[in-house]
Amino acid sequence: MHPASESIDPRTDLEIRDKPVPRGSGRSVLPGFGLSLGYTIFYLSLIVLVPLSAAFLKTAGMSWAEFSAAVFSPRVVAAYRMSFGASLAAAGANAVFGLVLAWVLVRYPFPGRRVVDALVDLPFALPTAVAGIALTQLYGVHGWIGSWFEPLWAKAVGAAPWLSWVGTKIAYDRPGVFLALTFIGLPFVVRTLQPVLEELEPELEEASATLGASRWQTITRVLLPELAPALLTGFALSFARALGEYGSVVFISGNMPYRTEIVPLLIITKLEQYDYHGATALAVVMLVASFVLLLVINLLQKWSRRHHRI
Amino acid sequence: MNVKSILFLLFGITAALGASAKDVQLLNVSYDPTRELYVEFNKAFAAHWLAQTGDTVTVKQSHGGSGKQARGVIDGLPADVVTLALGGDIDPIASLAKLLPTDWQTRLPHNSSPYTSTIVFLVRKGNPRHINDWDDLVRSGVSVITPNPKTSGGARWNYLAAWAYAKRHQGGDEAAQRFVAALFKNVPVLDSGARGSTTTFVQRGIGDVLLAWENEAFLALKEFGADAFEIVVPSLSILAEPPVALVDRVVDRRGTRTVAQAYLEFLYSEKGQDIIGRHFYRPSEPAAIAKYGRQFPQVELVTIASEFGGWAAVQQIHFADGGVFDQIYAK
Amino acid sequence: MSAAPSRSLTPRSASAAPRATQDPAWARWLLTGVALLFVVLFLVLPLVAVFTEALRRGVGAYLAAFTEADALSALRLTLLTALIAVPANLVFGVAAAWAIAKFNFFGKSLLLTLIDLPFAVSPVISGLIYVLIFGLQGWCGPYLVSGAHPWLGSWLNAHDIQIIFAVPGIVLATVFVTFPFVARELIPLMQAQGTDEEYAAITLGASGWQTFRRVTLPNIKWGLFYGVILCNARAMGEFGAVSVVSGHIRGETNTLPLHVEILYNEYNFVAAFAVASLLALLALATLILKSLVEWRYSRVLESSKVGA
């Protein structure tokens, strides 16, 4: 067995052992530091920072009372709950099924594996509006899946009325939002786990087995901890993506205030009522949430890299 | 490619788009259900304008929820004319963006509304849930489809028609609020625009009754077959006046005032009124009313001005943040 | 990814303790079944649904959807947008990756997070910020209409500069949402490759530009290509952000995803799904291209590994 080699996967820097690079431009013989960093910062400012700062400056014109009225009104709070709750649930589902899918794709050869592997990226490439319309078509009362699932679900709700908290149908209720968010978040978990799974050294599992662990013990005590950082990263990425999703959700959610209304939809609704301040205030809350999530993801990736060095 | 050349390219494209308009171009920013109407009307107007002046005019169309469209114009969508679902959506273009005078509605006949419409019910064939009037919509188990009044002009008319009915029959605003709250309890999906709601009702098969523009209901019968749906006319409804207006600041900047004004006036002409009638809008000129009046059901119609004191008041009381509509949903 | 598993599988199946690292047959079947069911329910069926609806009225109606003038102009605008957004982000991606992967400097982590930011920002917000800046009620909007700046040249003063509700706004919003794609592909790749080869080239007397073109570029070309493909797919498919700044003028500011929505709202479901299927085909082509790139890419790396 060769020692762990560098990762060759283009999609993640989880596994990468950085080669030492020169510190500062002065001490390096490589040219272009000033130019490339300068251009990077210029372009980043032009495209991202200046436009985003517009949102912050717009809210700076609001008093604290106005701001808190805009971002803590009961309807908005209900939308946060929906957005964060459904995104968490979808990211959770993706963590579970994405793990299974990545595991199967890496470990079990089966016919058509390449096709399935390529299909995983479909949610990246398919426009979200198309995804939303297609999912509504499938999971609506008259859809291929909705038409046989809904009577079953209605019975289940009849037997256990608390289920109606989740929803009374798939499309146009909470399960629909969950479906759409799961769809768009799936590739993140699979694509962050795959390279890690591929690089896992069989010695670990062999040693565990030699020491008398059952396969189940090996999986839960050895493999899962090894995969945890990547799994968490995938989870967080899928969560971050779900939180901002708009295009697919509006088609399938039913958009009921206090029930299936998500924050991006509220931003649009406020905008259409000429409430620029309210819309921007919500946007700022979401921007801060995204930024914090990204920081957490970057920290997770650092942790995972260190974790793997040991 | 560096940023400078990209910017250069961007401005180049903009300039090209602006400069290529040798023949006159108008932009009509309208709401959802008028697509088919204006496709035909624009052709007729172009022919009329060519015959009268020798100039070719192309009218570009933009459609969407009425509120969304008004927001676009306020933010700089260069509309020569706006033809929106309600006066309440043109008012902010005047008051917030000051693109036209606040008395815009007095500038054209009939409150600047060349066509009117009303709100009717679309039910499934045979009317299986026996929905005959507004009272039937608040029965438990009846599922009602309407768009969100916050974003859709048509939905605001729906809401106000229900309100007017309850106020009349149950006495007072408080009873009306309870009635409308009960109605919205029966609404399972709130689409953002009228077209979304029709799709939900017709294509997805959700709901027992769709509250719709009269013209949308007729169009749905035409598009999806009279064997699948039927129209139910309630005992009382509202006179929906979708107004049109010239956007002064835009037409003066673009030098299109004459043709834009002619465009709006053509809506009141015999030809224009004829197209309006054929698209199931209620014409406003007497001759066309005589010709098309029979296709529309007789129903008692209340008006915004007499029943609610105008759009400014309605917007403030009912649809502003924290207004009556929000209270209905706040538990 | 597709080629990668075979690498790791071969040594493992020949390993000394197969039973320890292999799962029982029932578990393999169960997990494969769960995974496939998930893929079918979430990925295959939506795709099938799009094509079924598109072909509901036959091939004639399907093809008719593409020859209509508004569909063609939407296609043109979508291509133009991608044609500007992708190269712009490509240049940025290479510059950012060069600075970040080849040098150490203070604030690198923050810079990386900021580059990722557009990816986590809701598309709705990406549209909103451009409205705040270029809208008539925004910062710059009032100065862009004609007559606003008499001190400037007569041409500029006589013409409106339309940013949002026109092509520039659509391009800007698209550039924003596709901003991180190329950079995100290149940075880890170039970090992994280190700077040894570039050092060697410089030491041997190559100029900076020569080093980049002859040494770095061949090393990153597949990653670069891969980033461009993803960036392009997203640029052509963006809906939310573009929807906020488009103005929905038929035949003028509608991109393909917006055209799908419009057709859907005109009860023209067959045409809506037909255009949607075009976008789905584009997605599939992207996936095929990507698999090919990965295959090439892993072979290149494989051989370089053997050589090393």
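Residues numbered from 1 in each chain as written. Chains lettered and ligands numbered in written order. Predicted model: local features only at pLDDT ≥ 70, side-chain atom pairs only at ≥ 80, totals over all residues. Heavy atoms only, no water.

1. What about the overall build of chain A?
Alright, step 1. Looking only at helices and strands, one finds 13 helices and zero strands in chain A.
Alright, step 2. Going from the N terminus to the C terminus, chain A shows its helices and strands as α-α-α-α-α-α-α-α-α-α-α-α-α.
Alright, step 3. Split into buried and exposed, the 310 residues of chain A put 64% on the buried side.
Alright, step 4. Restricting the contact set of chain A to residue pairs at least 6 apart, pairs at least 24 apart contribute 73%.
Alright, step 5. Accessible surface, chain A as shown: approximately 11,700 Å² in total, 70% of it carbon and sulfur. (Helix = DSSP H or I, 4+ residues; strand = E, 2+ residues; numbered from the N terminus. Buried < 20%, exposed > 50% of the residue type's maximum accessible area, 1.4 Å probe, protein only. Contact = heavy atoms within 4.5 Å. Areas by Shrake-Rupley, 256 points an atom, 1.4 Å probe, with all protein chains shown as cover.)

2. Some words on the overall build of chain B
Alright, step 1. Each helix and strand counted, chain B has 15 helices and 12 strands in total.
Alright, step 2. At 21 Å, chain B has a C-alpha radius of gyration in line with the 20 Å of a compact globule built from 331 residues.
Alright, step 3. Principal-axis analysis of the C-alpha atoms places the extent of chain B at approximately 60 × 50 × 40 Å.
Alright, step 4. Counting only residues that meet the buried cut, chain B has 62% of its 331 residues in that class.
Alright, step 5. Of the contacts formed within chain B by residues at least 6 apart in sequence, a portion of 74% connects residues at least 24 apart. (Rg over C-alpha atoms; globule rule 2.2 N^0.38 Å.)

3. Concerning the sheet that holds strand S7 (residues 209-213) of chain B
All names here are of chain B.
Alright, step 1. Pairing within the open sheet is mixed, and its four strands lie in the order S6-S7-S5-S8. Whereas interior strands pair on both sides, the edge strands pair on one side only; in this sheet they are strand S6 (144-145) and strand S8 (229-232).
Alright, step 2. Across two bridges, the pairing between S6 and S7 is parallel. Considered in S7, the bridge of isoleucine 145 is made with leucine 210.
Alright, step 3. Lying over the sheet, helix H7 (residues 194-202) contacts strand S5 (119-124), S6, S7 and S8, oriented at roughly 150 degrees with respect to S7.
Alright, step 4. Contacts between helix H8 (residues 214-224) and the sheet are confined to S5, S7 and S8, with S7 contributing the most and set at about 115 degrees to the helix. (Pairing = 2+ DSSP bridges. Axes fitted to C-alpha atoms, helices over the stretch in contact; angles between N-to-C directions.)

4. Details of the side chain of serine 126 of chain C
Residues and elements named next belong to chain C.
Alright, step 1. Mapped onto the elements of the fold, serine 126 is located in helix H7 (residues 123-134).
Alright, step 2. For serine 126, a relative accessible area of 0% gives the class buried.
Alright, step 3. Apart from the residues within four sequence positions on either side, serine 126 is in contact with Val121, Phe176, Val177 and Ala241.

5. So, the interface of chain A and chain C
Alright, step 1. Taken together, the contact pairs 117 residues of chain A with 114 residues of chain C.
Alright, step 2. Where chain A abuts chain C, roughly 10,600 Å² becomes buried across the two surfaces, and 74% of that area is made up of carbon and sulfur atoms.
Alright, step 3. Connecting chain A to chain C are zero salt bridges.
Alright, step 4. Run the count over chain A and chain C and you get nine residue pairs in polar contact (both at pLDDT 80 or more).
Alright, step 5. Ranked by the residues each element gives to the side of chain A that touches chain C, the list is headed by helix H1 (residues 33-60) of chain A, at 19 residues.
Alright, step 6. Residues of the side of chain A that touches chain C, tallied by class, amount to 77 nonpolar, 20 polar and 20 charged. (Buried area = accessible area lost by both parts, 1.4 Å probe. Salt bridge = Lys/Arg side-chain N within 4 Å of Asp/Glu carboxyl O. Polar contact = N/O pair within 3.5 Å; in protein donor to acceptor, adjacent residues only side chain to side chain. Nonpolar A, V, L, I, M, F, W, Y, C, P; charged D, E, K, R; others polar.)

6. A short note on the nonpolar core
Alright, step 1. Core analysis: the biggest nonpolar cluster contains 238 residues, and Leu101 and Ile267 of chain A, Val82 and Ile93 of chain B together with Ile115, Phe176 and Leu186 of chain C have the highest contact counts within it.
Alright, step 2. Not counting residues within four places of it along the chain, the set of residues in contact with leucine 101 of chain A comprises Val116, Val120, Leu186 and Val190 of chain A together with Ala35 and Val39 of chain C. (Core = buried A, V, L, I, M, F, W, Y, C linked by side-chain atoms within 4.5 Å.)

7. As for unusual backbone geometry
Alright, step 1. Even without being glycine, tyrosine 258 of chain A reaches a positive phi, approximately 65 degrees.
Alright, step 2. Along the chain, tyrosine 258 of chain A falls in the loop between helix H11 (247-252) and helix H12 (263-272).
Alright, step 3. With a phi angle near 60 degrees, phenylalanine 165 of chain C is a residue other than glycine that sits in the positive phi range.
Alright, step 4. Within the secondary structure layout, phenylalanine 165 of chain C lies in the loop between helix H9 (154-158) and helix H10 (167-177).

8. What to know about the side chain of arginine 191 of chain A
Residue and element names in this part refer to chain A.
Alright, step 1. Take arginine 191: it is sitting in helix H8 (residues 174-199).
Alright, step 2. Taking the relative accessible area as the measure of exposure, arginine 191 reaches 5% and is therefore buried.
Alright, step 3. Engagement of the side chain of arginine 191 in a polar contact is seen with the side chain of glutamine 194, the distance being 2.6 Å.

9. As for the environment of valine 94 of chain C
Alright, step 1. Of note, valine 94 of chain C is situated in helix H5 (residues 69-102).
Alright, step 2. Excluding residues within four positions of it along the chain, valine 94 of chain C makes contact with Leu186, Phe212 and Leu224 of chain C.

10. Notes on the interface of chain A and chain B
Alright, step 1. Contact with chain A, which involves 25 residues of that partner, is made by 29 residues of chain B.
Alright, step 2. Between chain A and chain B, roughly 2,400 Å² of surface is buried when both sides are summed, and carbon and sulfur atoms account for 57% of that area.
Alright, step 3. Of all residues in chain A, Tyr172, Glu272 and Tyr274 of chain A give up the largest surface area on contact with chain B, accounting jointly for 27% of the area buried on that side.
Alright, step 4. One can count two salt bridges joining chain A with chain B.
Alright, step 5. In this structure, lysine 270 of chain A and aspartate 321 of chain B form a salt bridge, with 3.1 Å as the shortest nitrogen-oxygen distance.
Alright, step 6. On inspection of chain A and its partner chain B, the count reaches nine residue pairs in polar contact (both at pLDDT 80 or more).
Alright, step 7. Those elements that place two or more of their residues in the side of chain A that touches chain B are H1, helix H6 (128-139) and H12 of chain A.

11. A look at the confidence of the model for chain B
All names here are of chain B.
Alright, step 1. For chain B, per-residue confidence averages 90 on the pLDDT scale, and residues scoring 70 or more make up 93% of the total.
Alright, step 2. In this model residues 14-22 is a low-confidence stretch, pLDDT under 50, and it forms five contacts with partners more than four residues away in sequence or in other chains.
Alright, step 3. We note a pTM of 0.86 for the whole complex and an ipTM of 0.83 for its interfaces. (pLDDT = per-residue confidence, 0-100.)

12. Side note on the pattern of salt bridges
Alright, step 1. Inspection of every chain in the model, using the stated rule, returns 39 salt bridges over all chains.
Alright, step 2. The partner of arginine 250 of chain C in a salt bridge is aspartate 70 of chain C, and the shortest N-O contact between them spans 2.7 Å. Of this pair, arginine 250 of chain C sits in the loop between helix H14 (240-246) and helix H15 (256-265) while aspartate 70 of chain C sits in helix H5; the two residues are 180 residues apart in sequence, bridging distant segments of the chain. For the residue pair arginine 250 of chain C and aspartate 70 of chain C, the accessibility class agrees, reading buried in each case.
Alright, step 3. In this structure, a network of salt bridges that share partners links the residues Arg75, Glu261, Lys270 and Asp275 of chain A together with Lys150, Asp321 and Asp326 of chain B.

13. Description of a nonpolar patch on the surface
Residues and elements named next belong to chain C.
Alright, step 1. A surface patch of nonpolar side chains, about 470 Å² in accessible area, is lined by Phe225, Ile288, Leu289, Leu292 and Trp295.
Alright, step 2. Tallying contributions element by element places helix H16 (residues 269-307) first for the nonpolar patch, with four residues.
Alright, step 3. Following the sequence through the fold, tryptophan 295 ends up in helix H16. (Patch = residues over 30% accessible without salt bridge, like charges linked within 9 Å, V, L, I, M, F, W, Y side chains within 5 Å.)

14. Some points on the confidence of the model for chain A
Alright, step 1. Overall, the prediction assigns chain A a mean pLDDT of 84, with 89% of residues at 70 or greater.
Alright, step 2. The spread of mean pLDDT over the elements of chain A runs between helix H9 (residues 202-210) of chain A, the lowest at 83, and helix H3 (residues 74-107) of chain A, the highest at 94.

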